Amino acid sequence: MSIQVSFVIPCYNEVDYIGKCINSIRHQGIEPKSYEIIVVDNGSRDGTDELASELGAIVLTNPRRGAAASRNMGALHAKGETLAFVDADCILDSAWVTKLT
């Protein structure tokens with residue numbers, strides 16, 4: 001099965017939120033092999049990147065470039081047919097991705 005959706009999450013010092021965000025993506029009711037989670041870290045100093053990696057996200061580093069540049073970086077690395085840009089402090093409704101596609 002190919003990757004259908006690439007979730008791209010730009011972040012900076014979001015350790016209090018990134019876990020909830022990633023877990024909400026994992027509870028979308030779609031096959032794990034059909035999506036990827038790409039976290040683009042802007043030089044966090046609070047362990048955001050480590051936590052995201054522990055939770056299975058692909059973590060890219062884009063120090064101090066900002067959300068727009070980080071979204072672009074994530075898009076360049078994405079393998080999915082659909083790009084879903086999500087902020088690190090968002091918790092997705094369990095039907096979010098089905099409404100997207």
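Our subject in this report is the structure included herewith. Once a new chain begins, its residue numbering starts again from 1 and follows that chain's sequence as written. Since the coordinates come from a predicted model, pLDDT governs what is reported: local features require at least 70, and pairs of side-chain atoms require 80 or more to be given and counted, while whole-chain, interface and lining totals use all residues. Note: side-chain values were computed over all heavy atoms of the structure, leaving out hydrogens and water.

## Here we look at the environment of D16
Consideration 1: Here a helix means four or more residues in a row that DSSP labels H or I, a strand means two or more in a row labelled E, and each is numbered from the N terminus. With respect to the helices and strands, the residue D16 is situated in the loop between β1 (5–11) and α1 (18–26).
Consideration 2: Partly exposed residues are those whose accessible area sits between 20% and 50% of the maximum for their type, while under 20% is buried and over 50% is exposed, using a 1.4 Å probe and protein chains only. Taking the relative accessible area as the measure of exposure, D16 reaches 58% and is therefore exposed.
Consideration 3: Through-space distance from the C-alpha of D16 to that of G47 is 9.7 Å; in sequence the pair is 31 residues apart.

## Thoughts on the pattern of salt bridges
Consideration 1: Each salt bridge in this description consists of a side-chain nitrogen of Lys or Arg and a carboxyl oxygen of Asp or Glu lying within 4 Å of one another. Summed over all chains, the structure comprises one salt bridge.
Consideration 2: Two residues, D87 and R71, come together in a salt bridge whose shortest N-O distance is 2.8 Å. Residue D87 is found in the loop between β4 (82–85) and α4 (96–100), and its partner R71 is found in helix α3 (residues 67–77); the two are separated by 16 residues along the sequence.

## Here's the deal with the side chain of D41
Consideration 1: Tracing the chain through its elements places D41 in strand β2 (residues 35–41).
Consideration 2: One buried charged side chain, D41, makes no salt bridge at all; its nearest oppositely charged neighbour is R45, positioned 9.1 Å away. When charges are tallied, Lys and Arg are placed among the positive residues and Asp and Glu among the negative ones, while His and the ends of the chain are skipped.

## Some thoughts on the pairing of strand β3 (residues 58–61)
Consideration 1: We treat two strands as partners when DSSP finds at least two bridges between them. When β2 meets β3, the two strands line up parallel, connected through four bridges. Bridge pairing in β3 places V39 opposite V59.
Consideration 2: Between the parallel pair β2 and β3, the chain is carried across by helix α2 (residues 48–54), and the sense of this crossover is right-handed. Orienting the strands away from the viewer, one traces the path from the first strand over the helix to the second; a clockwise path indicates a right-handed crossover.

## Section: the sheet that holds β3
Consideration 1: Strand order in the open sheet made by the four strands is β3-β2-β1-β4, with parallel pairing throughout. One side of each edge strand has no neighbouring strand; the edge strands of this open sheet are β3 and β4. Direction aside, the axes of adjacent strands within the sheet are offset by 25° on average.
Consideration 2: Here four bridges tie β1 to β4, and the two strands are oriented parallel to one another. From the neighbouring strand, V5 faces β4, where its bridge partner is T82.
Consideration 3: Note on contacts: a residue pair is in contact if any heavy atoms of the two residues lie within 4.5 Å. A fitted line through C-alpha atoms represents every axis, and for helices the fit uses only the stretch in contact; the resulting angles, taken between N-to-C directions, go from 0 to 180 degrees. Its contacts with the sheet place α1 against β1 and β2, and it is angled at close to 165° to β2.
Consideration 4: Together, β1, β2, β3 and β4 form the strand contacts of α3, whose direction differs from that of β1 by roughly 150°.

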